[in-house]
Amino acid sequence: MLEHVELFFKSIFIDNMVFATFLGMCSYLAVSKKVTTAVGLGAAVIFVLAVTVPLNWLLDQYLLRSGALAWLGPEYADYDLSFLSFILFIATIATMVQLVEIVVEKFSPALYNSLGIFLPLIAVNCAILGGSLFMQSRDIQSLGLAFNYGLSSGIGWFLAILAIAAIREKIRYSNVPAPLRGLGITFIITGLMAIGFMSFGGMLTGGDEAPAEVEKNTAQKTEEVKTIKEADENSVSYNNAIINE
Amino acid sequence: MALLSKKDSRLILDPLADNNPITIQVLGICSALAITAELKASIVMALSVVFVLGFGNVVISLMRNIIPSKIRIIVQLVVVATLVIIVDQVLKAFAYELSKTLSVFIGLIITNCIIMGRFEAFALANGPWKSFLDGIGNSAGYGLILVIIGFFRELLGSGTLLGIKVLGDPIEKTGLYAIGYENNGFMLLSPMALIVVGIIIWVQRSRNKALIEEN
């Protein structure tokens, strides 16, 4: 349970898709002019990530990684198909997006009207493929964790695009230098926001051992400082003594 | 050049400056930012994109009359994915260390918006030779920005270029360091890539007023 909570917060804040790894920047910059459209795209990204990451986890686990084909029989245990992962992942994503589009259109026309136009855009959003590839390279252990990872990275992306869209709506009234208007200032604001998000890096440093060591070090340092100060005072008093003499 | 007519050479030269994919068309930002802390990684990434986009454009352009338009996105993705797998396997075989630094970002060339953008906007409507030139031009414009970002980030961040010390030795205090210069470690962090791109856009648009957005 604890690992679920940790992964959840870690993928939203520390490994935020936009601010830490710059995934999905293209649609992040192109669709963030108005808050309402940003919310639509963000919701679609959460949805698609939460569906495709677990699916690709299953593909990776039972088809692609070395030894994954062992369930077919011992003679298949040596195969390593991981070089095919790009093509299979992207095929899964493209198919899922198409499928989701059809299903949503059939069963919830209202949702389709708000999400529909964004769904085709999403197939080529790097955040979606990036989610699956990071899932593979970070070696996520179970299907539940993979679902959690997809969902929380999606939420992180949603937060990012919501924030920048709100800022861009406001900044229209400010006097930005002409050459920076539009794209330029958006880049710089995103950079500043990314610096801000870096401060979340200290949030989950984990176990007890590392901080204890740091404390020890600081304790040692303060001791050293003390001894140095004492030495200084000694030398000062010594000097004073000399001067007095 | 006799090989290139005037129209053809514009296909290559336009994307280098006034129609640059990164700073004007806003395509392919994702990978441009994450891997530019070192010049070497940026150059390899630029070359990979030149290869993928050049040949991808040719393949799509050759198939443009037989692709049903309903499933064209999946066809395009399969073509790109195949080319990217080739690049990835070559890098893993000949430059393993580098492929570790680039990690998933080679894979993300597949969803690099430049590629899909050029397929949709150019290769589906033009012949293979023109598409090839367009692909080379656009990926070169992308690579140019990547190399500029990589150059400044590596030079200011770690005082090296391609791993060679150019500003003197920071530990022994030779060269610039002898007079008190310090590396700006901040340049190596990813947010600075965004700010460097912002500055490039600023410089480019103040030189060419026609590019300024209204907003």
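Quick notes on the rules
Residues numbered from 1 in each chain as written. Chains lettered and ligands numbered in written order. Predicted model: local features only at pLDDT ≥ 70, side-chain atom pairs only at ≥ 80, totals over all residues. Heavy atoms only, no water. pLDDT = per-residue confidence, 0-100. Helix = DSSP H or I, 4+ residues; strand = E, 2+ residues; numbered from the N terminus. Patch = residues over 30% accessible without salt bridge, like charges linked within 9 Å, V, L, I, M, F, W, Y side chains within 5 Å. Areas by Shrake-Rupley, 256 points an atom, 1.4 Å probe, with all protein chains shown as cover. Salt bridge = Lys/Arg side-chain N within 4 Å of Asp/Glu carboxyl O. Buried < 20%, exposed > 50% of the residue type's maximum accessible area, 1.4 Å probe, protein only. Polar contact = N/O pair within 3.5 Å; in protein donor to acceptor, adjacent residues only side chain to side chain. Contact = heavy atoms within 4.5 Å. Buried area = accessible area lost by both parts, 1.4 Å probe. Nonpolar A, V, L, I, M, F, W, Y, C, P; charged D, E, K, R; others polar. Core = buried A, V, L, I, M, F, W, Y, C linked by side-chain atoms within 4.5 Å. Phe/Tyr/Trp six-rings, centres within 6.5 Å; stacked < 30°, edge-to-face > 60°.

## Details of the confidence of the model for chain B
All names here are of chain B.
Phase 1: The predicted model of chain B has a mean per-residue pLDDT of 80, with 94% of residues at 70 or higher.
Phase 2: No element of chain B has a lower mean pLDDT than helix α2 (residues 29–34), which averages 72, and none a higher one than helix α3 (residues 39–62), which averages 86.
Phase 3: With a pTM of 0.77, the predicted complex shows an ipTM of 0.78.

## Thoughts on a nonpolar patch on the surface
All names here are of chain A.
Phase 1: A surface patch of nonpolar side chains, about 770 Å² in accessible area, is lined by Leu55, Leu58, Tyr62, Trp71, Leu72, Tyr76, Tyr79 and Leu143.
Phase 2: As for its position among the elements, Leu72 is in the loop between α3 (35–64) and α4 (85–107).
Phase 3: The exposure class assigned to Leu72 is partly exposed, which follows from its relative accessible area of 45%.

## A few points about unusual backbone geometry
Phase 1: If you check the backbone angles, Asp139(A) has positive phi at about 60 degrees while not being a glycine.
Phase 2: Tracing the chain through its elements places Asp139(A) in the loop between α7 (126–137) and α8 (143–171).

## Re the side chain of Ser32(A)
Residue and element names in this part refer to chain A.
Phase 1: As for its placement among the helices and strands, Ser32 is situated in the loop between α2 (25–30) and α3.
Phase 2: A distance of 2.9 Å separates a polar side-chain atom of Ser32 from the backbone oxygen of Tyr28.
Phase 3: In this structure the side chain of Ser32 is engaged in a polar contact, spanning 2.9 Å, whose partner is the side chain of Arg168.

## Comments concerning the pattern of salt bridges
Residue and element names in this part refer to chain A.
Phase 1: Across all of its chains, the model carries four salt bridges over all chains by this definition.
Phase 2: A salt bridge links Asp15 to Arg138; the nearest nitrogen and oxygen atoms lie 3.7 Å apart. On the criterion of sequence distance, the pair formed by Asp15 in the loop between α1 (2–14) and α2 and Arg138 in the loop between α7 and α8 is long-range, its members being 123 residues apart.

## Regarding the interface of chain A and chain B
The figure often quoted for interface size is the accessible area lost as the parts come together.
Phase 1: Counting residues at the interface gives 40 residues for chain A, matched by 41 residues for chain B.
Phase 2: Here chain A packs against chain B, burying approximately 3600 Å² in sum over the two surfaces, 82% of which is carbon and sulfur.
Phase 3: Ranking the residues of chain A by area buried against chain B places Phe22(A), Phe86(A) and Pro179(A) at the top, with a combined share of 18%.
Phase 4: Seen at the junction of chain A and chain B, the total is zero salt bridges.
Phase 5: Counting residues per element, the ones that place at least two in the side of chain A that touches chain B are α2, α4, α7 and α9 (183–198) of chain A.
Phase 6: The element best represented in the side of chain A that touches chain B is α9(A), accounting for 10 residues.
Phase 7: Looking at the side of chain A that touches chain B, its residues break down into 28 nonpolar, 10 polar and two charged.

## As for the nonpolar core
Proteins that are soluble and globular tend to have nonpolar side chains buried together.
Phase 1: Counting residues in hydrophobic clusters, the biggest one holds 107 residues, and the most contacted among them are Met25(A), Tyr28(A) and Trp157(A).
Phase 2: Residue contacts for Trp157(A): discarding those within four places in its chain leaves Met17(A), Val18(A), Leu23(A), Gly24(A), Ser27(A), Tyr28(A), Leu41(A), Gly42(A), Val45(A), Asn125(A) and Ala127(A).
Phase 3: Residues Leu39(B), Leu161(B), Leu167(B) and Tyr177(B) belong to the second largest nonpolar core, which totals five residues.

## Structural notes on the packing of aromatic side chains
Residue and element names in this part refer to chain B.
Phase 1: Counted by the stated rule, this structure contains eight aromatic pairs over all chains.
Phase 2: Aromatic pair Trp129 and Phe132: ring centres 6.1 Å apart, planes at 25 degrees, arrangement stacked. With Trp129 and Phe132 both in helix α7 (residues 128–158) and three residues apart, the pair spans about one turn of that helix.
Phase 3: For the ring pair Phe151 and Phe152, a centre distance of 5.3 Å and an interplane angle of 85 degrees mean the geometry is edge-to-face.
Phase 4: A relative accessible area of 31% means that Phe151 is categorised as partly exposed.

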